[in-house]
Amino acid sequence: MSAARLAHLARVALFSLAALGAGGASAALPDEAPAWSDEPPALARLLESGFKAENLRQPGVAAAHYCAAARDGSVEGQYRLGRLYLMGQGVARDNQIATTLLSIAAQRGHEKARSLVVPMAAGESLPDCLVTGTPPALLAAAASEEAVPQEVVDRFVKALPADKRRLAQLVQKLAPRFQVDPRLALAIVRTESNFDPSARSPKNALGLMQLIPDTAERFGVRDALDPEQNVRGGLAYLRWLLSQFKGDVALAAAAYNAGEGNVMRYKGVPPFAETQEYVRRILAFYRAPRHTETLRG
């Protein structure tokens, strides 16, 4: 996102924030892990690296990571960097820069940014890292090939409605028994059914892991709408695909969506729009290009 675009958003947003009053400025800063989203993995890793640095009491490192994410258009990065400027952590305290960044994030729909109101006249100022130079943390964070941090997934599961949380915990419990990383299993279930055990697709794929009749029969599932049977069958199939494609997450995900025959026929991710979007989402959620082996639970 260009500096001109950021400045334009700030001009629009500052008026709406100014009307909220000064009460939110004293709110305690949240210390939660970033949300488990399907935004580009490079941005997600920058946010997670910044969060880790904050926990290690390295606010300057955190600011560098958040600024790199903000520069590439991350709303969460703009919000978190604004918080640091507001509190003077890792950067020199600057209410004008804080107001600008929080206003931009608020204008783009970030709820927490709306609660942090800076008691000062509306201004417009961006930090140097968003205007000039190369984001200092981009190379190291973007090059990482680690799976999504466990604390990010834990926060996601904890925030689910009670019925979906129980199903997510079932997936987490069963996945290691099939030597499947629970984080990948959750990414598949989230993308397939969003934790709806009664989900049914136009192609008659059923349940949490959307098993078609042939796959259900192949892996011994008698009732595909029974959550535990469905998850066991889906995990058995996913384990088989990971073995077949030597731990390549993109190929295993493509095969789960379009069938292993199509992956073999095209010698890679098939050129189907649905499958390519499916693979993009799985990789965005899981982050790592190769599966992380887990021990049996």
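Structure's up top.
These numbers come from a predicted model, not from an experiment. (Residues numbered from 1 in each chain as written. Predicted model: local features only at pLDDT ≥ 70, side-chain atom pairs only at ≥ 80, totals over all residues. Heavy atoms only, no water.)

## What about helix α14 (residues 249-258)?
Here is the rule: Only protein chains enter the accessibility calculation, which uses a 1.4 Å probe. A residue is then buried if its area is under 20% of the maximum for its type, exposed if over 50%, and partly exposed in between. Counting from the N terminus, the helices are DSSP H or I runs at least four residues long and the strands are E runs at least two residues long. Two residues qualify as a contact provided that any one of their heavy atoms is within 4.5 Å of a heavy atom in the partner residue. Counting of polar contacts relies on pairs of N or O atoms within 3.5 Å, with two restrictions inside protein: one atom must be capable of donating a hydrogen and the other of accepting it, and residues adjacent in sequence are counted only when both atoms are side-chain atoms.
Within α14, 8 of the 10 residues are buried, which leaves the element mostly enclosed by the surrounding structure. Looking only at α14, the buried set comprises Val249, Ala250, Ala252, Ala253, Ala254, Ala255, Tyr256 and Ala258. If you follow the buried residues of α14, they end up packed against α11 (182-192), α13 (227-244), α15 (260-266) and α16 (273-286). Sitting at the head of α14, aspartate 248 places a side-chain oxygen 3.1 Å from the backbone nitrogen of alanine 250. At the C-terminal side of α14, glycine 259 shows a positive phi close to 95 degrees.

## Re the packing of aromatic side chains
Applicable threshold: Here the aromatic set is Phe, Tyr and Trp, taking the six-membered ring for Trp, and pairing holds for ring centres within 6.5 Å; pairs whose planes are under 30 degrees apart are stacked, those over 60 apart are edge-to-face, and all others are tilted. Lysine NZ or arginine CZ positioned within 6 Å of the ring centre and within 35 degrees of the ring normal marks a charge as sitting over the ring.
Under the criterion given, the structure shown has 6 aromatic pairs. Between tryptophan 36 and phenylalanine 156 the ring centres are 5.1 Å apart and the planes differ by 80 degrees, which places this aromatic pair in the edge-to-face class. Separated by 120 residues along the polypeptide, tryptophan 36 in the loop between α1 (3-18) and α2 (41-55) and phenylalanine 156 in helix α9 (residues 150-159) bring together distant segments of the chain. An identical accessibility class is assigned to tryptophan 36 and phenylalanine 156; each is buried. Between the aromatic rings of phenylalanine 156 and phenylalanine 195, the centroid separation amounts to 6.2 Å while the plane-to-plane angle is 45 degrees, which identifies the pairing as tilted. A residue pair is termed long-range when its members are at least 10 positions apart, and phenylalanine 156 in helix α9 and phenylalanine 195 in the loop between α11 and α12 (213-218) qualify at 39 residues. Every member of this aromatic cluster is reached through a ring pair, and the members are Trp36, Phe156, Phe195 and Phe285. The residue whose ring lies beneath arginine 190 is tryptophan 36, and the NZ or CZ to ring-centre distance is 5.1 Å.

## Quick look at the nonpolar core
The criterion, for reference: Nonpolar cores were defined as sets of buried Ala, Val, Leu, Ile, Met, Phe, Trp, Tyr and Cys residues, with membership established by side-chain atoms within 4.5 Å.
Trp36, Met209, Leu235 and Tyr256 are the most contacted members of the largest nonpolar core, which has 83 residues in total. In this structure leucine 235 touches Leu174, Ala175, Phe178, Val180, Ala185 and Met209, once residues within four positions along its chain are discounted.

## Examining the pattern of salt bridges
Quick note on the threshold: Between Lys or Arg on one side and Asp or Glu on the other, a salt bridge is scored when a side-chain nitrogen of the former is within 4 Å of a carboxyl oxygen of the latter.
The full count for this structure, using the stated rule, is 8 salt bridges. A salt bridge links glutamate 54 to arginine 83, with the shortest nitrogen-to-oxygen separation between them at 3.7 Å. Pair noted here: glutamate 54 is in helix α2 and arginine 83 is in helix α4 (residues 75-87), with a separation of 29 residues, a long-range link. With a closest N to O distance of 2.9 Å, arginine 183 and aspartate 181 form a salt bridge. For arginine 183, a relative accessible area of 15% corresponds to the buried category.

## A look at the packing of α2 against α4
Cut-off, in case you're wondering: Working convention: axes come from line fits to C-alpha atoms, limited for helices to the stretch in contact. Angles between N-to-C directions cover 0 to 180 degrees. Note that the term roughly parallel is reserved for angles under 35 degrees, roughly antiparallel for angles over 145, roughly perpendicular for angles of 65 to 115, and oblique for everything else. Handedness of each helix crossing follows the sense of rotation of the near helix against the far helix: counterclockwise by less than a right angle gives left-handed, clockwise gives right-handed. Note on residue categories: nonpolar means Ala, Val, Leu, Ile, Met, Phe, Trp, Tyr, Cys or Pro, charged means Asp, Glu, Lys or Arg, and polar means any other residue, Gly included.
At a closest axis distance of 11 Å, the pairing of α2 and α4 adopts a crossing angle of 25 degrees. Our classification of the angle between α2 and α4 gives roughly parallel. For the pair α2 and α4, the sense of crossing is left-handed. Where α2 approaches α4, its residues Leu47, Phe51 and Glu54 are matched on the opposing element by Glu76, Gly77, Arg80, Arg83 and Leu84. For the contact of α2 with α4, a count of residues per class yields 3 nonpolar, 1 polar and 4 charged.

On their own, these measurements won't tell you what the molecule is for.
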